[in-house]
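So you can see what is in the structure, the chains are spelled out below.
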Amino acid sequence: MMLTKSKLGLLVTTFVAVLALSEVVHCAEKGVAYDDRSLIINGQRMLLFSGSVHYPRSPPEMWPDILKKAKQGGLNVIQTYVFWNIHEPVQGQFNFEGNYDLVKFIKMIGEHGLYVTLRVGPFIEAEWNYGGFPIWLKEIPNIIFRSDSPPFMNHMENFTKMIIKMMKDEKLFLSQGGPIILSQIENEYTSVQQAYKEHGTRYIQWAGNMALGLDTGVPWIMCKQLSAPEGVINTCNGRYCGDTFTGPNSPNKPTLWTENWTAQYRTFGDPPSIRSAEDIAFAVARFFSKKGTLTNYYMYYGGTNFGRTSSSFVTTQYYDEAPIDEYGLPRDPKYGHLRDLHSALKLCQKALLWGTPSVQNLGKDLEARIYEGKGSVACAAFLSNNDTRVAAPVDFRGAKYLLPPRSISILPDCKTVVYNTKMIVSQFSARNYKESKFANKLEWTMVKEVIPTPDASQIKTMEPSEHFSTTKDNSDYLWFMTSIKVDQDDLPLKKTIRPVLEVASLGHLLHAFVNGEYIGSGNGNNIAKSFNFKKAISLKPGDNYISILGATVGFPDSGSYLEHRLAGVRAVRIHGLSSGTRDLTYNGWWHKVGLDGEKLNVFTEQDSHKFEWAKVNKGPAPALTWYKTNFDAPEGNNPVAIQMESMSKGMVWVNGKSIGRYWSAFISPLGKPSQPVYHIPRAFLQPKMNLLVVLEEMGGNLDGIKILTVNRDTICSTIGEDYPPNVEIWSREKGVIRSNVDTPKPTANLVCPDNKTITQVNFASYGDPVGSCGNFILGKCNAPNSQSIVEQYCLGKTKCIVPVDKNIFDKLGNTCPGIPKTLAIQVHCGHKNVQSHMST
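Residues numbered from 1 in each chain as written. Predicted model: local features only at pLDDT ≥ 70, side-chain atom pairs only at ≥ 80, totals over all residues. Heavy atoms only, no water.

Points about the environment of Ser273
- Along the chain, the position of Ser273 falls in the loop between β10 (255-261) and α9 (277-289).
- Not counting chain neighbours up to four residues away, the residues in contact with Ser273 comprise Ala263, Gln264, Arg266 and Glu321.
- Among the polar contacts made by the side chain of Ser273, one reaches the main-chain amide nitrogen of Gln264 at a distance of 2.7 Å. (Helix = DSSP H or I, 4+ residues; strand = E, 2+ residues; numbered from the N terminus. Contact = heavy atoms within 4.5 Å. Polar contact = N/O pair within 3.5 Å; in protein donor to acceptor, adjacent residues only side chain to side chain.)

Here is the structure:
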């Protein structure tokens, strides 16, 4: 049930009458309603903590573990897009198999006791190829994407209706007893609406009303859409929606945050993307302190852009800096600190959902946001210090509190600090890559891709064809071929002078060959996709063949008029001939879509035998060459990756499955590849003789390719004496916040992953240690018994709790008198025999 404007008055009146008596509104009818305060799920208001997990970006075998960890992280909602182009790659032909099995994914979410937000789109952006649009849509006559263009609206409506029918048939909406509580139509349309003028205004109203007419029994949302139709909730995307969101466009709609960016997706050439756990926690606490009731982390688990699914220049690794990393491992402290935040906010739930909000100024850059009600509605407060540099003492309701810079303390009873966004009491972890002992006996063989020359069987045009329209997304690659006849007199007389080939390209990449010899490559980047390639070449008297391999790295995924985007070779000239510059742009061009190895499935076990593989010669790998080898599955159960830093650019297949594009030659400003290591899901592997095939476009060093295992077995904790106790010790009993320990104190809480045990304490210091997880060093003072005490608490255990207590570490008070102490610990988790510090 969704509250429309006509129904709102009666129901709001009913809600108001009940508020003083009960914290829950009970409705006989199942479904999702809403008012200005929150969503109302099966008659009950809830705080909703959501995370984006995209089903195509991981194999189904990984889904249960990811969903389990999401729930353990305090989430109660999973958000996903629906990816039109993978489901309908050819018009009228549908694919919902494997990691494209949307229904299986939605059902599994429900089985884990989680709700779903289904972002149908069908335009999704998502750094996904063509923003989720199938390439055949581009070929529809007179179509204009995302406009009141009848051809587009017809196909969009048909796909949307098909997905909604599929969900209804499987009874997946909450109104039917399923897990879906929200659906989204369109995506961030405000950013392009002005380009379409009145056609955009009409389109967005049509899209919203079309969706409302599908009768799902749950609300529809539009993110970043100020002009969302009545009955559709407009929501916020961004990093700081507590401050940037102007609010719903109608007084009867709740304040929802559909994309809280946990980092930033990366394109090839980018440095690492970082957003701290403290910054995210501050933003979320502020949003909930300002009447927000749903936040969604985009992404909570990013996963992998397998095959050719990423949009222009986007790396294969997607949102690896999310709370759960690409390999499905919790990235602490981001994972743990947000889990603790969710626990703290849940302690405030009654006040946030039923209390009356107010704001109290506590000084410059200081404030208290308070939710307080009558009777059983408790009091909750958020004490904020917005100064980014200086901690500040505050007086609030007769008590004193110290607020770290740019932090929010959460008091679920307006008295007790159970959480501070700046003070991380959860553990840290460091990710480790380890060369597999079993998998690196790699014996390579090779076969070179044939460099084509003009042929009557190929596509011929006067000028180079547009890349996107010619390949139709069947391949990254398009050959542009022509020939040039030169006389001896055309060639430079001096040996120091050589002709120069110039190619103007709209992007993304090209490799140039003259008479079958590789002469070089050029590329644009995500900001400036167009580029000019210039390289000295050698020509011979008579006919010379110029073969240019154009390559795209995904289709664009954002902006207006996507159907008009262009790529590929646009102009070709040869400079330095005695007869002057020769323009080859209208010389007559032959085209060939894709590589022979692609078409013949050289990367599969069955079809790789069609080729004559040769032994690999020593020295640098030549350009445009296929390589294959076999390897056994790595030992243990840890995730698997492949090191590709020594190669240049291409793709990798394991047992016929593409793990994505690599581009190690694209160096970031830090002097390193944006992505040197690539995920191989365990689900892709068999115990023995896994086929590994690499397409290398520019040349590289095969010796540098290594099969790795991945772990987060290095875990740490850094806790100050003034930190709040772990939020898990607090509970609400009969409206009162209580502790399950006699004397609440800060503690270092360490938990090994996957039921491993703490085998070694690598570092322990009670005093003033410095550094971070994996790189701690002693400060100026240290309690000498720190190591042995931590070993007593932790060695041989799956988890341990170490009090930050001077009576344990510093009974005589000799360690840094008068200075606040910090306890820093680093341990190793594993299955080996326990080693104590004293024995190493």
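What follows continues from the structure just given.
Points about the confidence of the model for the protein chain
- With 95% of its residues at a pLDDT of 70 or more, the protein chain shows a mean pLDDT of 94.
- Within the protein chain, helix α1 (residues 5-19) has the poorest average pLDDT of any element, 37, and strand β5 (residues 77-81) the best, 99.
- Note that residues 1-28 has pLDDT below 50 and, in this model, 40 contacts with residues that lie over four places away or in other chains. (pLDDT = per-residue confidence, 0-100.)

As for unusual backbone geometry
- Residue Pro333 is bonded to the preceding Asp332 through a cis peptide linkage, with omega at 15 degrees.
- Locating Pro333 in the fold gives a position in the loop between β11 (292-301) and α10 (334-347).
- Cis geometry marks the peptide bond from Gly507 to His508, where omega comes out at 5 degrees.
- With respect to the helices, strands and loops of the structure, His508 is situated in the loop between β23 (500-505) and β24 (509-514).
- One non-glycine residue, Glu125, lies in positive phi territory at about 60 degrees.
- When you line up the elements, Glu125 lands in the loop between β6 (115-121) and α5 (150-169).
- Although it is not a glycine, Asn655 adopts a positive phi angle of roughly 50 degrees.
- Of note, Asn655 is situated in the loop between β34 (649-654) and β35 (657-663).
- Using a relative accessible area of 25% as the deciding quantity, one classes Asn655 as partly exposed. (Buried < 20%, exposed > 50% of the residue type's maximum accessible area, 1.4 Å probe, protein only.)

Comments concerning the sheet that holds strand β31 (residues 614-615)
- Taken in spatial order, the six strands make up an open sheet running β31-β20-β32-β37-β34-β35, and their pairing is antiparallel. One side of each edge strand has no neighbouring strand; the edge strands of this open sheet are β31 and β35.
- Of the strand pairs in this sheet, strand β20 (residues 445-448) and β31 are connected by two bridges, and their pairing is antiparallel. When the sheet's bridge partners are listed, Thr445 is paired in β31 with Lys615. (Pairing = 2+ DSSP bridges.)

Describing the packing of helix α4 (residues 102-111) against α5
- Packing of α4 against α5 leaves a shortest axis separation of 11 Å and a crossing angle of 45 degrees. As judged from the angle between their axes, α4 and α5 are oblique. As for how α4 packs across α5, the hand of that crossing is right-handed. Contacts from Leu102, Val103 and Ile106 of α4 reach α5 at Ile163, Met166 and Met167. (Axes fitted to C-alpha atoms, helices over the stretch in contact; angles between N-to-C directions. Parallel < 35°, antiparallel > 145°, perpendicular 65-115°, else oblique. Left-handed = near helix turned anticlockwise from the far one by under 90°.)

Some details on the pairing of strand β46 (residues 822-830)
- β46 sits mainly inside the fold: seven of its nine residues count as buried.
- Both strand β38 (residues 706-720) and β46 contribute to a ladder of seven bridges, which runs antiparallel. Counterpart to Ser717 in the pairing with β46 is Ile825.
- Strand direction decides the pairing type here: strand β42 (residues 757-767) and β46, joined by nine bridges, are antiparallel. Bridge pairing in β46 links Thr757 to Gly830.

Quick look at the pairing of strand β13 (residues 366-372)
- Burial analysis of β13 places six of its seven residues in the buried class, which makes it a mostly covered element.
- Relative to β13, strand β12 (residues 356-363) is paired through seven bridges, and the arrangement is antiparallel. Residue Val359 lies in a different strand from β13, and its bridge partner there is Arg369.
- In sequence, β12 turns back onto β13 through a hairpin of two residues, with Asp365 there showing a positive phi of about 65 degrees.
- Judged from the six bridges that link them, β13 and strand β14 (residues 380-385) form a sheet pairing that is antiparallel. Within the sheet, the bridge partner assigned to Arg369 lies in β14 and is Phe382.

Notes on the packing of aromatic side chains
- Taken as a whole and assessed by the stated rule, the structure comprises 41 aromatic pairs.
- With a centroid separation of 4.2 Å and 40 degrees between ring planes, the pair formed by Phe468 and Phe555 is classed as tilted. A residue pair is termed long-range when its members are at least 10 positions apart, and Phe468 in helix α12 (residues 467-471) and Phe555 in the loop between β27 (542-551) and β28 (569-575) qualify at 87 residues.
- One residue, Arg45, lies across the ring of Trp354, its end atom 4.3 Å from the ring centre.
- The side chain of Lys657 reaches across the aromatic face of Phe684, ending 5.6 Å from its centre. (Phe/Tyr/Trp six-rings, centres within 6.5 Å; stacked < 30°, edge-to-face > 60°. Lys NZ or Arg CZ within 6 Å of the ring centre and 35° of its normal.)

Considering the nonpolar core
- Core analysis: the largest hydrophobic core is formed by 128 residues, its most contacted members being Leu39, Ile106, Met167, Leu341 and Leu345.
- Setting aside its immediate chain neighbours within four residues, Leu341 contacts Ala281, Val284, Ala285, Tyr297, Ile410 and Tyr419.
- In this structure, Val447, Phe631, Ile642 and Val654 belong to the second largest nonpolar core, which totals 53 residues. (Core = buried A, V, L, I, M, F, W, Y, C linked by side-chain atoms within 4.5 Å.)

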